[in-house]
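Now for the letters of each chain:
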Amino acid sequence: MSTMPEPAPGSRPTLEAVAARAGVSRATVSRVVNGGAGVRQALVDKVRRAVEELGYVPNHAARTLVTRRNGAVAVIIAEPEFRVFSDPFFEQQVRGISRELTAHDSQLVLLWVEGPGDYDRIGRYLGGGHVDGALAFSVHNDDELPSIIRRAQVPAVFGGRPGWPGATAGLAVPYVDCDNRGGAREAVRHLLSLGRERVAHIAGPHDQTSAMDRIDGYRDVLLDAGPGLIAQGDFTEESGARAMAELLERRPDLDAVFAANDLMASGALRVLRERGLRVPEDVALVGFDDMTSIAEATDPPLTTVRQDIEGMGRLMVRLLTRVLNAQEAEPGAGSAPGSVITPTELVRRASA
């Protein structure tokens, strides 16, 4: 057993002190602390126990030199601040990302796009070597963000199926999404199974693939649905209310509505009640997301299509970690291609 003295009281423990406490070499401690491979689990456990007992904290500058990583990941939400803090979707996705980054001993740097001037700021930050990679979601089809990330040469994973120019031109674009189209089909089939005959749709913005995939799922089931049964929203509660009022003006005989997210469904529900229409007796209503803070709080509670929003945030981090590890194993390698599509599930409550 090593006779190296314990660190003096008040002094900062060193790698050597950890190695002595664990009975391993300094190189082994360095590999474990910096996340390297090739160390037996028994030794990993001994090193981690010694780190905890001594209160060892890795030196960030030295660690960066060894791993060529900063221990930070940019999370970019391509929406203005008021949307980020008013929509529970973003809260859940960021929570999943944050928890998974913490498990990988990385820090989250949150950025959002308030206006066109923010693109230069984000580009400079990403290109300045401050982060190891980027996670971007709620990207619109005409967004500059993908090209900015590409020019900064930062590994990235996107939340949502890519739909911007160049995304389908043979470029490897790792992303995580749910089965939006399949979930929409299930929602509409459920409404039809209840005997509803005039099913309307409140769609999300046409410049986001999630909204378009949900429209496509609606049309997969209702091949003859005319334009009068579809109204445009933008994933906000107020847009759902406006779209519901528009649909009632066009088709006062409608007996069911599938809204492309829960926020718009809650806005639609408010208008239906204001018009004296009962849910589900007069009009059945289904949303999408299963954000319980909304779906369980409405009166009646909302039937909706569940996607694992927090889980998708975690998957984005895991996919980015695979990209970073691949580049570390083979410097200069491009982003590892790949995507993850998660399943959806209809959650039946009282509204349909």
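Rules used in this analysis
Residues numbered from 1 in each chain as written. Predicted model: local features only at pLDDT ≥ 70, side-chain atom pairs only at ≥ 80, totals over all residues. Heavy atoms only, no water. Pairing = 2+ DSSP bridges. Helix = DSSP H or I, 4+ residues; strand = E, 2+ residues; numbered from the N terminus. Axes fitted to C-alpha atoms, helices over the stretch in contact; angles between N-to-C directions. Contact = heavy atoms within 4.5 Å. Expected span 1.5 Å × (residues − 1). Buried < 20%, exposed > 50% of the residue type's maximum accessible area, 1.4 Å probe, protein only. Core = buried A, V, L, I, M, F, W, Y, C linked by side-chain atoms within 4.5 Å. Arc of directions from axis to C-beta. Right-handed = clockwise from strand over helix to strand, strands pointing away. Phe/Tyr/Trp six-rings, centres within 6.5 Å; stacked < 30°, edge-to-face > 60°. Lys NZ or Arg CZ within 6 Å of the ring centre and 35° of its normal.

Student: Break down the sheet that holds strand S5 (residues 175-178) for me, with residues and values.
Tutor: Strand order across the open sheet formed by six strands is S2-S1-S3-S4-S5-S11, with parallel pairing between neighbours. For this open sheet the edge positions go to strand S2 (107-112) and strand S11 (339-342), each flanked by a neighbour on one side alone. Between one strand axis and the next, the sheet turns by 20 degrees as a mean value, whatever way the strands run. Sheet topology note: the strand S1 (residues 72-77)/S2 ladder contains six bridges and is parallel. Its bridge partner lying in S2, Val75 is registered against Leu110. This element, helix H6 (residues 88-103), spans S1, S2 and strand S3 (133-137) of the sheet and lies at about 160 degrees to S3.

Student: I'd like a rundown of helix H11 (residues 237-250), residues and numbers included.
Tutor: For H11, which comprises 14 residues, the first-to-last C-alpha distance of 20 Å matches the rise-based estimate of 20 Å (1.5 Å per residue) to within 8%. Along H11, the residues that are buried comprise Ser239, Gly240, Ala241, Ala243, Met244, Leu247 and Leu248. For H11, the elements touching its buried residues are strand S6 (199-203), strand S7 (230-232), strand S8 (256-259) and helix H12 (262-274).

Student: Go over the nonpolar core, please, and point to the residues and values.
Tutor: The nonpolar side chains of soluble globular proteins are, as a tendency, buried together. Leu135, Phe137, Ile202, Met244 and Phe258 are the most contacted members of the largest nonpolar core, which totals 69 residues. Non-local contacts of Phe258, meaning those with residues more than four positions away in its chain, are made with Ala184, Ala187, Val188, Leu191, Ala200, His201, Ile202, Arg214, Tyr218, Val286, Gly287 and Phe288. In this structure, Ile76, Ala136, Ile148 and Tyr175 belong to the second largest nonpolar core, which totals 23 residues.

Student: Let's hear about helix H8 (residues 145-152): which residues, and what values?
Tutor: When we look at burial in H8, the residues that qualify are Leu145, Pro146, Ile148, Ile149 and Ala152. Along the long axis of H8, the arc covered by the buried residues comes to 160 degrees, so they all point the same way. On its buried face, H8 sits against S1, helix H7 (118-127), S3 and strand S4 (156-159). Gln153 lies just past H8 and shows a positive phi near 55 degrees.

Student: Outline the pairing of S4, supporting the account with residue identities and numerical values.
Tutor: The two faces of S4 match: Ala156 and Phe158 on one face and Val157 and Gly159 on the other face are all buried. A crossover links S3 with its parallel partner S4, the connecting element being H8, and its sense is right-handed. Relative to S5, S4 is paired through two bridges, and the arrangement is parallel. Bridge pairing in S5 places Phe158 opposite Tyr175.

Student: Summarise the side chain of Thr344; cite the residues concerned and give the values.
Tutor: You can see Thr344 is positioned in the loop between S11 and strand S12 (345-347). We classify Thr344 as buried; its relative accessible area is 17%. Every residue in contact with Thr344, bar those within four places of it in the chain, is listed here: Cys178, Asp179, Gly182, Gly183, Glu186, Phe288, Val305, Arg306 and Gln307.

Student: I'd like a description of the sheet that holds S8, backed by residues and values.
Tutor: Reading across the sheet, the six strands line up as S7-S6-S8-S9-S10-S12 and stay open at both edges, with mixed pairing between neighbours. The open sheet has two edge strands, S7 and S12, and neither has a second partner. Here the average twist between neighbouring strands, direction ignored, is 20 degrees. Here S8 pairs with strand S9 (residues 284-289) via three bridges, running parallel. Bridged to Ala256 within S9 is Ala284. The sheet contacts of H12 involve S6, S8, S9 and strand S10 (303-306), and relative to S9 the element is tilted by about 155 degrees.

Student: Tell me about the packing of aromatic side chains, residues and numbers included.
Tutor: Within this structure, the stated rule accounts for five aromatic pairs. For the ring pair Phe90 and Phe137, a centre distance of 6.1 Å and an interplane angle of 25 degrees mean the geometry is stacked. Here Phe90, found in helix H6, pairs with Phe137, found in strand S3; they are 47 residues apart in sequence, far enough to count as distant. One exposure class covers both Phe90 and Phe137, and it is buried. Through pairs of rings, three or more aromatic residues link up here, namely Phe89, Phe90 and Phe137. Positioned above the aromatic ring of Phe288 is the side chain of Arg214, whose terminal nitrogen or guanidinium carbon lies 3.8 Å from the ring centre.

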